[in-house]
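As a plain string of letters, each chain reads:
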Amino acid sequence: MRKPIIAGNWKMNNTIVEGQALVSDILNRELNESVEAVICVPFTFLQTASKMVDGNKIKLGAQNMHWEEKGAYTGEISPLMLNELNVEYVIIGHSERRQYFNETDKTVNMKTISALSHNITPIVCVGESLQERENDSYKELIEDQVRKAFEGISTEDAKKTVIAYEPIWAIGTGRTASSEQAEEICQLIRNVLTSLYDEKTAQAIRILYGGSVKPENIKELMAMENIDGALVGGASLKADDFVQLINY
Ligand code: 13P
């Protein structure tokens with residue numbers, strides 16, 4: 001069975017002081033232990049967060065990383081730096097990074113390989129824009145994103161990888177994909193994984209949905225066969241909402 005993941009993507013939100021308040025608020029509550037709860041916080045908050053969640057019920061994630069271990073890459077953060085802070089997850093290729101910071105399928109692939117080789121679980125994001133959705137080519141686009149992300153990745157490593165399907169038109173817009181729409185694409189992703197690997201491997205990989213996930217729609221989404229969790233933006237910034245999502 002695939003263990004569900006509820007991962008919060010804080011994006012560029014919360015100073016250290018604000019982050020501390022939010023994490024203590026979350027840690028003070030009862031959390032469903034059969035769900036893997038993850039917070040992907042800004043780099044500046046990782047060290048503090050890593051002390052707060054140490055041995056505790058929430059796991060720590062970063063929102064990006066470089067594929068190299070060190071070197072002349074001004075402004076970048078390496079997998080070794082994340083290892084030092086007990087970071088267990090890293091979001092790779094979020095649509096905002098693809099859109100504003102020129103990330104490509106190629107860099108997503110290099111980062112995914114690097115994360116896996118440093119024992120950090122990559123959460124690889126794929127998804128289509130509204131325009132792509134409307135001209136009907138989006139299914140091939142998503143298949144292509146998945147194939148390219150997994151290039152050169154062994155079966156054993158593929159099983160450790162997490163995929164997040166995030167339709168761009170549903171991010172921060174309040175316009176959620178219906179649970180059927182989300183399930184359709186998560187199933188398509190699993191079919192691509194079956195063709196790349198085999199049925200058993202594809203069944204082991206966790207696929208999350210992201211895009212305006214909130215307490216009101218989590219149950220419906222989680223009831224879908226191929227949706228194994230959520231990558232949550234806005235609702236992960238409020239302890240009440242995030243805890244409700246974990247305890248769906
Ligand atoms: P929202 O939940 O705010 O729509 O953001 C989704 C997202 O981009 C998570 O990575």
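See the structure printed just above.
Residues numbered from 1 in each chain as written. Predicted model: local features only at pLDDT ≥ 70, side-chain atom pairs only at ≥ 80, totals over all residues. Heavy atoms only, no water.

S.K.: Can you explain the nonpolar core? Please cite residues and give values.
M.R.: Membership of the largest hydrophobic core comes to 68 residues, with the highest contact counts inside it found for Ile6, Ile142, Val146, Phe150, Ile189, Leu193 and Tyr209. In terms of residues, this core owes the most to one element, helix α9 (residues 179-196), which gives 7 residues. Sequence-distant contacts of Phe150, that is, excluding residues within four places in its chain, are made with Asn109, Ala158, Thr161, Ile163, Leu193, Leu196, Tyr197 and Ile205. Ranked by size, the runner-up nonpolar core spans 12 residues in total, among them Tyr89, Ile123, Ala164 and Leu208. (Core = buried A, V, L, I, M, F, W, Y, C linked by side-chain atoms within 4.5 Å. Buried < 20%, exposed > 50% of the residue type's maximum accessible area, 1.4 Å probe, protein only. Helix = DSSP H or I, 4+ residues; strand = E, 2+ residues; numbered from the N terminus. Contact = heavy atoms within 4.5 Å.)

S.K.: Tell me about empty space enclosed by the protein, residues and numbers included.
M.R.: The full count for this structure, using the stated rule, is 1 cavity of 30 Å³ or more. Of the volumes computed, that of the largest cavity is approximately 40 Å³. Looking at the largest cavity, the residues that line it are Gly93, His94, Ser95, Arg98, Cys125, Val126, Gly127, Gln145 and Glu166. Elements that contribute at least two residues to the lining of the largest cavity include exactly α4 (95-100) and β5 (121-126). Taken together, the residues that form the lining of the largest cavity break down as 2 nonpolar, 5 polar and 2 charged. (1 Å grid on protein atoms, 1.4 Å probe; cavity = no way out; pocket = protein on both sides within 12 Å on 5 of 7 lines; lining within 4 Å. Points joined across faces, edges and corners; volume = space filled by probe spheres on them. Nonpolar A, V, L, I, M, F, W, Y, C, P; charged D, E, K, R; others polar.)

S.K.: Can you break down the pairing of strand β7 (residues 206-210) residue by residue, with the values?
M.R.: With 5 of 5 residues buried, β7 is to be regarded as a mostly interior element. Burial of β7 is two-sided: the residues Arg206, Leu208 and Gly210 facing one way and the residues Ile207 and Tyr209 facing the other way are all buried. The pairing of strand β6 (residues 162-165) with β7 spans 4 bridges and is parallel. Considered in β7, the bridge of Tyr165 is made with Tyr209. (Pairing = 2+ DSSP bridges.)

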